[in-house]
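Each chain, written out:
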Amino acid sequence: MAFNHLPAGAHDALSPFSVSPVTHSVPMADYQLPRSAGARSAPRTVLDRLTGAGDRAARITHTEHLPPREGRHADWPVRIREEVVAAVRAAGIEHPWEHQARAAEHALRGESVVVATGTASGKSLSYQAPVLSTLLDGSEAPNGRGATALYLSPTKALAADQRRAVAELAAPLGNAVRPAVYDGDTPVEEREWVRQYANYVLTNPDMLHRGILPAHPRWSSFLRALRYVVVDECHTYRGVFGSHVAQVLRRLRRICARYGADPVFLLASATAADPARAAGRLTGLPVAEITEDTSPRGELVFALWEPPLTEHQGEQGAPVRRTATAETADLLTDLVVQGVRTVAFVRSRRGAELISVITQERLASVDRSLPGRVAAYRGGYLPHERRALERALHSGDLLGLAATTALELGVDVAGLDAVVIAGYPGTRASLWQQAGRAGRTGQGALAVLVARDDPLDTYLVHHPDALFRQPVESTVLDPDNPYVLAPHLCAAAAELPLTEADLGLFGDAAAELLPQLERSKLLRRRATAWHWTRRERAADLADIRGEGGPPVQVVEAATGRLLGTVDASAAHTAVHEGAVHLHQGRTYLVRQLDLEESVALVEEANPPYATTARDTTAISVLETTEEIPWGDSRLCFGSVEVTNQVVSFLRRKLITGEVLGESKLDLPPRTLRTRAVWWTVTEDQLDTARVNPEQLAGALHAAEHASIGMLPLFATCDRWDIGGVSVPLHPDTLLPTVFVYDGHHGGAGFAERGFHTARGWLRATREAIAACECEAGCPSCIQSPKCGNGNDPLNKRAAVRLLTTLLSGAPTE
């Protein structure tokens with residue numbers, strides 16, 4: 001029997017059924033209604049108020065104090081136009097920081113550069129100043145169009161925010177700078193104006209891939225004059241998404257060369273390990289790096305917070321902690337009542353909705369004016385809903401926001417006092433990015449990481465050095481992944497016939513893939529070039545977000561109203577028939593899921609339960625790429641095929657999590673060819689570990705769950721990017737085997753990273769299980785929130801003995 005752990009889209013990390021009753025630790029009488037904006041308290045004072053009553057102080061496992069830092073100024077490079085310097089001064093910036101001036105100097109010399117400094121360090125001005133100066137030069141050119149610039153961001157919200165910032169900064173320059181957003185939300189009637197007249201176009205990789213590059217003749221005047229490509233928040237381009245974006249950028253460079261342009265790439269990133277190498281892999285160009293942050297920083301108080309145990313029991317009778325959802329809603333309520341402007345970052349869309357609803361309900365009992373000043377923000381909202389929320393947050397009309405990572409990236413929300421992070425976001429880079437949303441105007445700020453009942457979260461709140469004394473992760477991406485590269489070669493051939501001279505741009509694997517594409521009748525070689533042969537759009541072959549197809553539209557059956565969308569990869573688990581779906585505080589039941597039409601029909605309801613999907617998974621080894629002996633064990637890396645099928649769903653009470661019933665589902669299986677790391681053990685090792693046949697399945701299953709939970713500490717991923725299977729006797733290895741695989745076609749680099757860091761990864765896994773205070777296993781160590789087998793069987797003690805024996809044979813580092 002195989003025990004499985006499904007990757008992305010399986011279940012939401014924060015589910016309504018696990019919310020326990022919330023009682024405020026601070027008496028209502030002690031609450032103070034919102035203060036004026038100028039009456040901010042120090043972050044330590046705010047934290048003391050949060051922990052001033054009940055047992056809350058005991059929930060803090062560690063407090064880190066980051067002292068304020070002085071900044072270092074410099075002069076702008078002499079080639080920055082005086083008009084731009086004057087505009088910057090008019091915006092209140094007399095002199096740039098040293099790192100801003102250095103980045104501008106690289107840009108003006110025609111050298112691609114990545115600025116990898118802390119949040120709120122002024123990275124935007126690093127590229128805005130040289131871009132605006134060059135656009136101003138171009139506006140004086142005799143041909144009228146002059147120079148152009150392209151800005152790429154991973155989210156629409158960030159592009160819209162940057163357009164506002166550019167427009168305000170460039171206002172004194174008159175018509176010389178004409179910024180415009182061009183994305184899926186841009187009205188059709190505005191798009192022609194953008195193509196013809198805008199000289200600073202702000203978009204995202206998706207629109208570049210699907211809208212701009214396939215229509216490059218209509219963009220020829222813009223591309224011919226393209227001087228700069230700004231790639232903002234480039235650390236987010238990792239895994240499969242990053243690999244796709246890397247190929248999109250190569251296609252852009254190829255089209256630009258066709259029109260005689262050779263743009264300079266200006267990249268901005270949160271602090272990252274080896275940013276020049278990552279940026280070079282993303283763009284295919286040599287990139288200089290600037291990593292010293294010379295901006296000032298306000299005081300930051302960062303608290304690690306572990307929710308208490310409850311009287312409830314979870315699966316298999318395990319002890320259950322109060323959820324990060326409930327705890328975060330409590331903290332957000334208290335902070336809003338105190339007038340502390342706060343964003344709570346939540347892992348899942350459902351969690352963001354739920355925290356918003358709970359907070360609004362509690363605020364209503366304090367002051368009826370307060371619930372309207374709290375909202376949720378997540379992907380899947382309609383464009384006008386997102387824009388309205390961004391304006392309300394930017395203006396201060398909203399005091400509290402429960403947001404997914406859709407709001408993590410760079411949106412300038414001046415005046416935030418605190419950030420609450422509901423669960424470790426998967427990487428240290430994301431953690432600091434989210435924490436940096438507060439204190440952006442230089443004031444002190446509070447950040448609180450609320451641990452989920454999860455092996456990695458539990459490990460981190462009790463091992464603060466893993467957060468505060470370690471560098472951020474390296475960015476993992478693989479542009480040579482054939483599942484990524486092949487559709488982009490087709491897209492490139494459709495844009496311009498593909499020649500042998502082009503192949504070096506796309507990487508060494510390109511030449512090997514072309515014969516396969518010819519045999520598949522996707523490309524045809526004529527004379528010296530390969531041509532796209534189909535009537536369909538070649539760009540539609542590449543799903544750059546790795547979401548497995550078009551998003552599923554969630555439609556209200558009675559009215560036909562579009563409520564939002566769900567990623568295709570999550571549809572089987574999130575909007576199956578009978579699923580509970582939350583949208584802007586309202587609850588709906590899914591009545592029908594039409595996979596062919598990508599539509600889920602829902603109706604408003606108020607069921608006293610939430611739903612959780614169950615699934616089965618099988619895995620087979622296709623090819624073993626690398627193999628290392630660990631004593632008698634073997635550590636392997638290679639290609640696998642994973643077959644998954646959602647077979648049923650559970651209905652659970654909202655408060656206690658009690659299972660009310662299980663319903664069968666008839667959904668088709670889904671097959672994934674990907675990359676995996678796996679390890680085997682022998683019968684002799686099982687004897688050494690004192691693991692008998694009755695314990696074996698539980699030991700392997702527990703080790704699998706915990707290792708998946710700990711891999712994000714060593715690879716730039718989170719547990720929702722990866723999956724796993726454990727088998728007491730696997731037919732391909734003929735041994736007890738544990739697999740951990742990338743949840744994306746062709747792999748994403750995460751399993752490979754696990755293979756190369758296996759000694760440290762599995763040692764941390766063993767330590768996380770052994771150090772947990774529970775008796776037989778719980779969500780803090782070996783239980784998984786998305787286990788398709790109901791967390792049964794699991795054997796905590798046998799897993800520790802098995803991992804100890806496995807590690808005893810590991811090669812020395």
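Up top is the structure.
Residues numbered from 1 in each chain as written. Predicted model: local features only at pLDDT ≥ 70, side-chain atom pairs only at ≥ 80, totals over all residues. Heavy atoms only, no water.

Right, let's get into the pairing of strand β30 (residues 722-727). When you tally the buried positions in β30, you get six out of six residues, the bulk of the element. Residues Ile722, Gly724 and Ser726 of β30 are buried on one face, and the alternating residues Gly723, Val725 and Val727, pointing to the opposite face, are buried as well. Judged from the six bridges that link them, β30 and strand β31 (residues 737-742) form a sheet pairing that is antiparallel. Residue pairing for β31: Ser726 is matched across the bridge by Val738. (Buried < 20%, exposed > 50% of the residue type's maximum accessible area, 1.4 Å probe, protein only. Helix = DSSP H or I, 4+ residues; strand = E, 2+ residues; numbered from the N terminus. Pairing = 2+ DSSP bridges.)

Another point: the packing of helix α9 (residues 239-258) against helix α10 (residues 275-283). With their axes 7 Å apart at the nearest point, α9 and α10 run at an angle of 60° to one another. Judged on the interaxial angle alone, α10 and α9 are oblique. When α9 is examined against α10, the residues Gly242, Val245, Ala246, Leu249, Arg250 and Arg253 are found in contact with a partner set consisting of Gly280, Arg281, Leu282 and Thr283. For the contact of α9 with α10, the residue count by class is four nonpolar, three polar and three charged. (Axes fitted to C-alpha atoms, helices over the stretch in contact; angles between N-to-C directions. Parallel < 35°, antiparallel > 145°, perpendicular 65-115°, else oblique. Contact = heavy atoms within 4.5 Å. Nonpolar A, V, L, I, M, F, W, Y, C, P; charged D, E, K, R; others polar.)

Over its 13 residues, helix α25 (residues 796-808) extends 19 Å from the first C-alpha to the last, a length consistent with the 18 Å expected when each residue adds 1.5 Å. Here α25 has its buried residues at Lys796, Ala798, Ala799, Val800, Leu802, Leu803, Thr805, Leu806 and Leu807. Those residues of α25 that are buried lie in contact with β26 (609-630), β27 (633-653), β29 (670-680), α21 (683-688), α22 (693-710) and α24 (758-771). The backbone nitrogen of Arg797 lies 3.5 Å from a side-chain oxygen of the residue at the head of α25, namely Asn795. (Expected span 1.5 Å × (residues − 1). Polar contact = N/O pair within 3.5 Å; in protein donor to acceptor, adjacent residues only side chain to side chain.)

Another aspect to go through is the nonpolar core. Among the nonpolar cores identified, the biggest contains 86 residues, and Phe302 and Trp679 are the most heavily contacted of them. Of all the elements, α22 adds the most residues to this core, at eight residues. Filtering out sequence-adjacent residues up to four positions away, Trp679 remains in contact with Arg634, Leu635, Leu700, Ala703, Pro736, Thr737, Val738, Leu762, Leu802, Leu803 and Leu806. If you look at the next biggest cluster of nonpolar residues, it comprises 40 residues, including Leu213, Val287, Leu477 and Ala542. (Core = buried A, V, L, I, M, F, W, Y, C linked by side-chain atoms within 4.5 Å.)

Spatially, the seven strands line up as an open sheet ordered β2-β10-β17-β16-β13-β15-β14, and their pairing is mixed. Each edge of the sheet is formed by a strand with only one pairing partner; in this case those strands are β2 (60-66) and β14 (374-377). Ignoring strand direction, the axes of neighbouring strands in this sheet form an average angle of 15°. When β14 meets strand β15 (residues 400-403), the two strands line up parallel, connected through four bridges. In the strand pairing of β15, Tyr377 is matched with Ala403. Strand contacts of helix α11 (residues 324-337): β10 (300-305), β13 (342-346), β14, β15, β16 (418-422) and β17 (445-450), with the helix running at about 170° to β16, the strand carrying the most contacts.

In this section: the environment of Arg224. Within the secondary structure, Arg224 sits in helix α8 (residues 220-224). Looking at Arg224, the relative accessible area reads 46%, which means it is partly exposed. Here the alpha-carbon distance between Arg224 and Ala715, two residues 491 residues apart in the chain, equals 39 Å. Once residues lying within four places of it in the same chain are set aside, the contact partners of Arg224 are Tyr259 and Ala261.

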